[in-house]
Amino acid sequence: MDSAITLRSILVQKCVILTGGRDKQGNYLVQFPANTQLEKMSADDLQRIILYLTSIPSTKRIFTFIIDMRGRKYDSVKPILKILQSLHESYQYDISHVFIIKPDTFWQKQKTSFASSKYSFEHSIISIDQLHKLIDTGQLT
């Protein structure tokens, strides 16, 4: 397992954030903000950072992921979903839910809707307003 020191260059990019917040069931929130350099990150680095951040909590390791697609294309989110699927299957990660905040354009919304049906964890494509109804805004960054 990588340490914060070995992952420092990736952590400072803030592509993935363990916020310290929790959803209404008490599950940890992991966010992929919209304003990041995520598209430039390799799949290997992305998996390493997710594994590192999700290893930090010492109790009840159940996670809710929030992927903000505003301003992004589906192609940049697809690797995240594949990694989460892999972690869910291989490492028996408890993923409570993956919320995907709707992209801005109609065609990207359609692509996301059709492609997300192949993942075994619970997931929803929602608007930012819907997210605020599901997760207390005080828990979000």
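Please refer to the structure higher up on the page.
All values derive from a computational prediction rather than experimental measurement.

Cut-offs used in this document
- Residues numbered from 1 in each chain as written.
- Predicted model: local features only at pLDDT ≥ 70, side-chain atom pairs only at ≥ 80, totals over all residues.
- Heavy atoms only, no water.
- Helix = DSSP H or I, 4+ residues; strand = E, 2+ residues; numbered from the N terminus.
- Buried < 20%, exposed > 50% of the residue type's maximum accessible area, 1.4 Å probe, protein only.
- Polar contact = N/O pair within 3.5 Å; in protein donor to acceptor, adjacent residues only side chain to side chain.
- Contact = heavy atoms within 4.5 Å.
- Core = buried A, V, L, I, M, F, W, Y, C linked by side-chain atoms within 4.5 Å.
- Phe/Tyr/Trp six-rings, centres within 6.5 Å; stacked < 30°, edge-to-face > 60°.
- Salt bridge = Lys/Arg side-chain N within 4 Å of Asp/Glu carboxyl O.

Peer 1: Help me understand the side chain of Thr54, please; the structure alone is not making it clear to me.
Peer 2: In this fold, Thr54 is placed in helix 2 (residues 43–55). The class of Thr54 is buried, set by a relative accessible area of 1%. In this structure the side chain of Thr54 is engaged in a polar contact, spanning 2.7 Å, whose partner is the backbone oxygen of Ile50. Apart from residues lying up to four places away in sequence, Thr54 is in contact with Val30, Arg61, Phe63, Phe65 and Tyr93.

Peer 1: Help me out: how do you make sense of the nonpolar core in this one?
Peer 2: One recurring pattern in soluble globular proteins is that nonpolar side chains are buried together. In this structure, Leu46 and Ile50 are the most contacted members of the largest nonpolar core, which totals 31 residues. Secondary-structure elements contributing two or more residues to this core are strand 2 (28–32), helix 2, strand 3 (62–68), helix 3 (74–90) and strand 4 (94–101). When sequence neighbours within four positions are dropped, the list of residues in contact with Leu46 reads Val16, Phe32, Leu38, Met41, Pro79, Ile80 and Ile83. Counting eight residues, the second-largest nonpolar core is a separate cluster that includes Leu29, Ile101, Ile126 and Leu140.

Peer 1: What's the story with the packing of aromatic side chains in this structure? I'm lost.
Peer 2: How two aromatic rings sit relative to each other is given by the distance of their centres and the angle of their planes. Enumeration according to the criterion identifies three aromatic pairs in this entry. Centroid distance Tyr28 to Phe63: 5.9 Å. Interplanar angle 35°. Geometry classified as tilted. Here the residue Tyr28 occupies a position in strand 2, and Phe63 occupies one in strand 3, the gap between them amounting to 35 residues. When its relative accessible area of 10% is taken as the criterion, Tyr28 is described as buried. Joined through ring pairs, the aromatic side chains of Tyr28, Phe32, Phe63 and Phe65 make up one cluster.

Peer 1: Please explain the pattern of salt bridges as it appears in this structure.
Peer 2: Two side chains bearing opposite charge may form a pair once their charged atoms approach each other closely. Counted under the stated rule, the structure contains three salt bridges. Linking Asp2 and Arg48 is a salt bridge whose minimum nitrogen-to-oxygen distance equals 2.8 Å. Taken together, the residues span a long stretch of sequence, with Asp2 in the segment before helix 1 (8–11) and Arg48 in helix 2 at a distance of 46 residues. Residue class for Arg48 comes out partly exposed when judged on its relative accessible area of 23%.

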